[in-house]
Amino acid sequence: MKNPADYLEGHVFEARRPRRELQPVVTYTDAVKAVEAALADAEKYKYLLMRALRRHADETAVVPMQVASTEATIRPLYQDIAA
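Because the structure is predicted, anything quoted here is derived from the model rather than measured. (Residues numbered from 1 in each chain as written. Predicted model: local features only at pLDDT ≥ 70, side-chain atom pairs only at ≥ 80, totals over all residues. Heavy atoms only, no water.)

A. Region of the structure containing the overall build of the protein. A count of helical and extended segments in the protein gives two helices and two strands. In the protein, of all internal contacts separated by at least 6 residues, the share reaching a separation of at least 24 is 27%. Here the protein has roughly 8,400 Å² of accessible surface; of this, 58% comes from carbon and sulfur atoms. (Helix = DSSP H or I, 4+ residues; strand = E, 2+ residues; numbered from the N terminus. Contact = heavy atoms within 4.5 Å. Areas by Shrake-Rupley, 256 points an atom, 1.4 Å probe, with all protein chains shown as cover.)

B. Broad picture of the pairing of strand β1 (residues 12-16). Of the pairings in the sheet, the one linking β1 to strand β2 (residues 22-26) comprises five bridges and is antiparallel in character. Looking at β2, one finds that Arg16 is bridged to Leu22. Between β1 and β2, which follow one another and run antiparallel, lie five residues, and Arg19 among them has a positive phi close to 60°. (Pairing = 2+ DSSP bridges.)

C. Structural context of the confidence of the model for the protein. Per-residue pLDDT for the protein has a mean of 77; in total, 82% of the residues score no lower than 70. Here β1 stands out as the least confident element of the protein, with mean pLDDT 75; helix α2 (residues 28-59) is the most confident, with 86. (pLDDT = per-residue confidence, 0-100.)

D. Spatial organisation of the packing of aromatic side chains. Counting across every chain of the model gives zero aromatic pairs. The ring of Tyr45 has Lys44 sitting right over it, with the charged end atom 5.2 Å from the ring centre. (Phe/Tyr/Trp six-rings, centres within 6.5 Å; stacked < 30°, edge-to-face > 60°. Lys NZ or Arg CZ within 6 Å of the ring centre and 35° of its normal.)

E. Representation of the environment of Val32 in the model. Examined against the element boundaries, Val32 turns out to sit in helix α2. Val32 sits in the partly exposed class, given a relative accessible area of 29%. Between the alpha carbons of Val32 and Leu8 there is a distance of 10.0 Å; along the sequence they are 24 residues apart. (Buried < 20%, exposed > 50% of the residue type's maximum accessible area, 1.4 Å probe, protein only.)

F. Molecular detail of a nonpolar patch on the surface. Together, Leu49, Met50 and Leu53 line one region of the surface with nonpolar side chains, adding up to about 280 Å² of accessible area. When you line up the elements, Leu53 lands in helix α2. (Patch = residues over 30% accessible without salt bridge, like charges linked within 9 Å, V, L, I, M, F, W, Y side chains within 5 Å. Salt bridge = Lys/Arg side-chain N within 4 Å of Asp/Glu carboxyl O.)

G. Local environment of the side chain of Asp41. Following the sequence through the fold, Asp41 ends up in helix α2. Residue contacts for Asp41: discarding those within four places in its chain leaves Lys2 and Tyr7.

The following block contains the structure:
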């Protein structure tokens, strides 16, 4: 996954404002292109994440148990204390 600054890498230049130090500047079109690239990457990562989540859900899905016979013997888990 990219760092947000990586999308603007190569498009930043420095400009001097009157009576101030150099400051990083990005043109509007380069900023729009960087946002579009970030959104495209986000869609790709979203697709990969959803696919992994679906695969994990399928692997860990609970399968209902089938009863072997309808007339199974039922035994109490604990002994009857009153008897």
